[in-house]
Amino acid sequence: MRIILKILIFMLIIVPACTTMTSTPNINLTMYEQRAEDNQMASVMPPRYIIEKKIPRIAILNIADHSRLTDMTKCSLGPMATDVLHNVVAKMGRYEVVERAQAKKIAAELGYQESHGVDWEVIEGKYFALGKDIDYVIVGSINRVTPKIDKDIELKTCTEEVETSVSLRIIDLSSGRTVTSFNVADKAANVKSITQSCIITCGLVQEALENTLARWVPVKIQEAIPIYGYISKIMSNYSNEKLTKIAYINLGTNDGLKPGDKVIIMELRRERDPISGKEKLRYIDLGKATVTETGLHPDEAIIVIDDPILAKKVKVGFLVQTTAERARRLAEQERTKEQLKVIFQKFIK
């Protein structure tokens, strides 16, 4: 038993830490200099909304409860999920969340009725009623709440567990179209001695909803609504055999960036349709770069471009796009940690 406990303690400490280990470069700026090639400009400059760093505004409408779990009606799961989701998006630091009062007004204008579900076609067709100051709305429902009580006679434990599943949809109000729809699910559990009373409480249901929304919604939102910036300055390092460049970008901690984050470098190209003759802009992914420890400020960061092929292509004015890689790593870490904690609790009760 002691050996098993030691292994579990080791896994509880080491495994989650390993899942978040990333290479975060800390550069020496004296090793870099600007050369003529570093002053090359992109053929198409960033759009004005990227230059002005327009922060997307998101309204969160009431989450409906379609779980049909009669025992949990007293928990007010819909309002509970709405509050959790509102706080989750606000804490991301990349978006401006519309106040709850204004969100309720939007719901009324859309004819959104929580108790009768959602007519998505009607909602998408009424986007114009929201005005020009809101970019996206998030709507959705709790699909499933699954309570479970598991008694282990051998270990003399009782495990209370709740799994929740939530479906969400993000609507772009500039077009009235759905950007993405997705389902997220996760669990919460509590281990007691078998001599204690085992019941599913509203608190455990709320914990499961928080795990479901706080862990996985940031991943989905960042994938659906990335933040864009641009490269303002480039410097080169030829001291090593491999060419390395750094670039200053107009995104920083105010935009949710942290050291070790990955960003996608993109080139904006203007192309003409050979049939219609109309011009259109195309976003071309060139590769990824890493945010450094050095030079990370509220509105600016330095990224390292250590791929020699990408380093030769990059120009001032190229776009950078945030990714959800860190959010996904953190979600997976938290889920692993929760699973190990439950196993550990079973052995120490």
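Structure: above.
Residues numbered from 1 in each chain as written. Predicted model: local features only at pLDDT ≥ 70, side-chain atom pairs only at ≥ 80, totals over all residues. Heavy atoms only, no water.

J.: Would you take a moment to explain the overall build of the chain for this structure?
T.: Summing up its helical and strand segments, the chain has 8 helices and 12 strands in all. Across the chain, every contact between residues at least 6 apart in sequence was considered, and the portion connecting residues at least 24 apart equals 75%. Total accessible area computed for the chain in this model is approximately 18,300 Å², and 51% of it derives from carbon and sulfur atoms. (Helix = DSSP H or I, 4+ residues; strand = E, 2+ residues; numbered from the N terminus. Contact = heavy atoms within 4.5 Å. Areas by Shrake-Rupley, 256 points an atom, 1.4 Å probe, with all protein chains shown as cover.)

J.: How do you make sense of the sheet that holds strand β7 (residues 228-237) when you look at a structure like this?
T.: The strands that make up a sheet are held in pairs by hydrogen bonds between backbone atoms, and each pair lies either parallel or antiparallel. Strand order in the closed barrel formed by 6 strands is β7-β8-β11-β10-β9-β12, and the pairing between neighbours is antiparallel. Neighbour to neighbour, the strand axes of the sheet diverge by 45 degrees on average, direction disregarded. Where strand β9 (residues 262-272) and strand β10 (residues 279-291) come together, 11 bridges link them in antiparallel fashion. When the sheet's bridge partners are listed, I265 is paired in β10 with G287. (Pairing = 2+ DSSP bridges. Axes fitted to C-alpha atoms, helices over the stretch in contact; angles between N-to-C directions.)

J.: Honestly, the packing of aromatic side chains in this entry has me stumped. Any pointers?
T.: The relative placement of two aromatic rings is captured by the distance of their centres and the angle of their planes. Applying the stated criterion to the full structure yields 1 aromatic pair. Centroid distance Y228 to Y283: 6.1 Å. Interplanar angle 45 degrees. Geometry classified as tilted. Here Y228, found in strand β7, pairs with Y283, found in strand β10; they are 55 residues apart in sequence, far enough to count as distant. Take Y283: its relative accessible area is 31%, and that puts it in the partly exposed class. (Phe/Tyr/Trp six-rings, centres within 6.5 Å; stacked < 30°, edge-to-face > 60°. Buried < 20%, exposed > 50% of the residue type's maximum accessible area, 1.4 Å probe, protein only.)

J.: Just to check I follow, could you spell out the side chain of T212 for this structure?
T.: Relative to the elements of secondary structure, T212 occurs in helix α6 (residues 202-224). Given a relative accessible area of 0%, T212 falls into the buried group. Here the side chain of T212 touches D186 through a polar contact of 3.1 Å, landing on its backbone nitrogen. Excluding residues within four positions of it along the chain, T212 makes contact with T164, V166, V184, A185, D186 and V217. (Polar contact = N/O pair within 3.5 Å; in protein donor to acceptor, adjacent residues only side chain to side chain.)

J.: How should unusual backbone geometry be read in this particular structure?
T.: A negative phi holds for most residues other than glycine; trans holds for most peptide bonds. Positive phi values are uncommon outside glycine, yet K53 reaches one of about 55 degrees. Of note in the backbone geometry, K156 takes a positive phi value of approximately 60 degrees without being a glycine. Note on K156: relative accessible area 56%, which makes it exposed.

J.: Can you help me understand the packing of helix α3 (residues 77-91) against α6 in this one?
T.: To describe two helices that pack against each other, one gives the angle between their axes and the distance between the axes. At a minimum axis separation of 9 Å, α3 and α6 run at an interaxial angle of 40 degrees. With respect to their mutual orientation, α3 and α6 come out oblique. With respect to the hand of their crossing, α3 and α6 are arranged in right-handed fashion. Counted together, L77, M80, A81, V84, L85, V88 and V89 of α3 and C202, V205, Q206, L209, E210, L213, A214, V217, P218 and I221 of α6 form the full contact between these two elements. For the contact of α3 with α6, a count of residues per class yields 15 nonpolar, 1 polar and 1 charged. (Parallel < 35°, antiparallel > 145°, perpendicular 65-115°, else oblique. Left-handed = near helix turned anticlockwise from the far one by under 90°. Nonpolar A, V, L, I, M, F, W, Y, C, P; charged D, E, K, R; others polar.)

These values are about where atoms sit, not about what they do.
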